[in-house]
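Here is how the chains run, residue by residue.
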Amino acid sequence: MVRILQLISGYHMKRRLNKIRTKKPSLAEYYAMYRTGKKLGELTGNDIENAERELIPIVLRYYLDTRLKWEEVVENLLRDLREFYLYFCKRRKHLDIDTLEDVLRLVRGQYSIKEMLNWCKSPVPRTKYAFWALLKRTRPEDIQRTIDLNFLSREEILEVYQKRKRKLIPAVRKAIEEVLKPERPLHKKSRKVSKKKRARRIDVFRAYLEVTNQDSVSYLKSLEIEHEFKVTLARIWFASQNREERLEKLNEIFLGLTNRVGYTKLWEYVRTEIDEFILVEALSREQIADYLERNKWRLGSCLRRKFEKALNLLERSYT
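Predicted, not measured: the structure shown is a model, and the values here were computed from it. (Residues numbered from 1 in each chain as written. Predicted model: local features only at pLDDT ≥ 70, side-chain atom pairs only at ≥ 80, totals over all residues. Heavy atoms only, no water.)

### Structural notes on the nonpolar core
We apply this condition: Buried Ala, Val, Leu, Ile, Met, Phe, Trp, Tyr and Cys residues that are joined via side-chain atoms within 4.5 Å together make up what is termed a nonpolar core. Each residue is placed in one exposure class: buried if its accessible area under a 1.4 Å probe, protein chains only, is under 20% of its type's maximum, exposed if it is over 50%, and partly exposed if it falls in between. The numbering of helices and of strands both runs from the N terminus, where a helix is a DSSP run of H or I of at least 4 residues and a strand a run of E of at least 2. What makes two residues a contact is simply this: any of their non-hydrogen atoms within 4.5 Å.
In terms of nonpolar packing, the biggest core is built from 47 residues, with Leu64, Phe84, Tyr85 and Ile176 touching the most fellow members. Among the elements that make up this core, the one with the highest residue count is helix 3 (residues 45–63) (eight residues). For Phe84, the residues in contact, after removing those within four places along its chain, are Leu27, Tyr30, Tyr31, Tyr34 and Val124. In this structure, Tyr208, Leu209, Val231 and Ile288 belong to the second largest nonpolar core, which totals 35 residues.

Now the structure itself:
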């Protein structure tokens, strides 16, 4: 048993050592080698730490620019770190250059860093994920250094924080909060409410009863009125050709209802409260089939299923 445990522990240790040996250097480690002139094995923790502190403000300069996409951020960083990337470039034996003009540009040095990295072999990572991994190590002093170097002002960083707080990398967001110390949260987390509950905030049918002075009727009578209301509403809503025609009919039949609850609340009520049986009673088979064909990809999955069920019910009744 002891021998088996020794073998297992030895196997795990070997796997860990292999993982350490085969691990590729990070962007900060390459930058530390470039700055100090040391080999990878000679680097100290302070060398890598200093490289990170120097690199992160440069990356933040473009990462916190809301006008740039990630591809543009990477292009700007490659341009600013041109000498660093060329330091690790090794020319290929066969350059992928098709025209004489490209060869002349290469000889004269009239090339972009992106072209040069395509013409040479560089082990340094240059994807957005490499810069992303670096930003995960952001500290408050990096934000302060970004401000001190005039890469970005406090107002600009605060504006980015206000617009993109939830999309920022957590380490960057936390560092900004520690440096700028906003007095109040600039984004309040909105509480998610289902469509059905949202439609019931202003109860459409109750508003209809109040508009028509029927709010004092009995419970059974109100059920009967509600059924008739739903059938009429479905007939108006799905038989109309456009919003203007629909609003005109609603204002004509349900006078004052749209002013009381609004068009959006009525639409949410239709989507959540009208089922396939109401549709069967309100519309003909041709109307249901025509509406489903014209609006199949615009309808939500729930309402589309109701139309499909209503069409199946009508087709079964015809057969």
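After presenting the structure, the write-up continues.
### Description of the environment of Glu276
Among the structural elements, Glu276 can be located in helix 18 (residues 276–282). Sequence spacing of Glu276 and Leu313 is 37 residues, and the spatial spacing of their C-alpha atoms is 8.5 Å. Those residues within four positions of Glu276 in sequence are excluded, and the remaining contacts are Lys306, Lys309, Ala310 and Leu313.

### Side note on the environment of Glu159
Locating Glu159 in the fold gives a position in helix 10 (residues 154–164). In sequence terms Glu159 and Thr66 are 93 residues apart; their C-alpha atoms lie 9.6 Å from each other.

### Considerations on the confidence of the model for the protein chain
Which entries qualify depends on this criterion: Per residue, pLDDT measures the predictor's confidence, with a range of 0 to 100.
Here the protein chain averages 80 in pLDDT, while 79% of its residues score no lower than 70. Considering only residues more than four positions removed or in separate chains, one finds that residues 16–22, a stretch of pLDDT under 50, has zero contacts. Confidence over residues 184–191 falls short of pLDDT 50; this stretch has ten contacts with residues more than four positions distant or in other chains.

### Some points on the pattern of salt bridges
Worth spelling out the cut-off: Salt bridge, as used here: a side-chain nitrogen of Lys or Arg that lies within 4 Å of a carboxyl oxygen of Asp or Glu.
One pass over the structure, following the stated rule, counts 18 salt bridges. Salt-bridge contacts for Lys249 lead to Glu245; the nearest nitrogen and oxygen are separated by 3.1 Å. With Lys249 and Glu245 both in helix 15 (residues 243–253) and four residues apart, this pair spans about one turn of that helix. Look at Lys249 and you get partly exposed, because its relative accessible area is 29%. Sharing partners across several salt bridges, the network here consists of Glu49, Glu52, Arg53, Arg137, Arg139, Glu141 and Asp142.

### Some words on the packing of helix 3 against helix 4 (residues 70–80)
To be explicit about the condition: Between the N-to-C directions of two axes lies an angle of 0 to 180 degrees, each axis being a line fitted to C-alpha atoms and, for a helix, fitted only over the stretch in contact. Should an angle lie under 35 degrees it is considered roughly parallel, over 145 roughly antiparallel, and from 65 to 115 roughly perpendicular; all remaining angles are considered oblique. Helix crossings fall into two classes, left-handed where the near helix is turned counterclockwise from the far one by less than a right angle and right-handed where it is turned clockwise. Here the nonpolar group is Ala, Val, Leu, Ile, Met, Phe, Trp, Tyr, Cys and Pro; Asp, Glu, Lys and Arg are the charged ones; every other residue, Gly included, is treated as polar.
Where helix 3 contacts helix 4, the axes come no closer than 9 Å and their chain directions differ by 140°. In terms of orientation, helix 3 lies oblique with respect to helix 4. Judged by the sense of rotation from one axis to the other, the crossing of helix 3 with helix 4 is right-handed. Here Ile58, Val59, Arg61, Tyr62 and Tyr63 of helix 3 lie close against helix 4, whose contacting residues are Trp70, Val73, Asn76, Leu77, Arg79 and Asp80. For the contact of helix 3 with helix 4, the class distribution of residues is seven nonpolar, one polar and three charged.

### A short note on the environment of Val179
Among the secondary structure elements, Val179 is positioned in helix 11 (residues 170–180). In this structure the C-alpha to C-alpha distance between Val179 and Ile143, which are 36 residues apart in sequence, comes to 7.2 Å. Setting aside residues no more than four positions away along its own chain, Val179 makes contact with Pro140, Ile143, Gln144 and Arg154.

### As for the side chain of Asp47
Checked against the element boundaries, Asp47 lands in helix 3. Since its relative accessible area comes to 13%, Asp47 is described here as buried. Dropping the residues within four chain positions of it, Asp47 is found in contact with Ala32, Thr36, Lys38 and Glu42.

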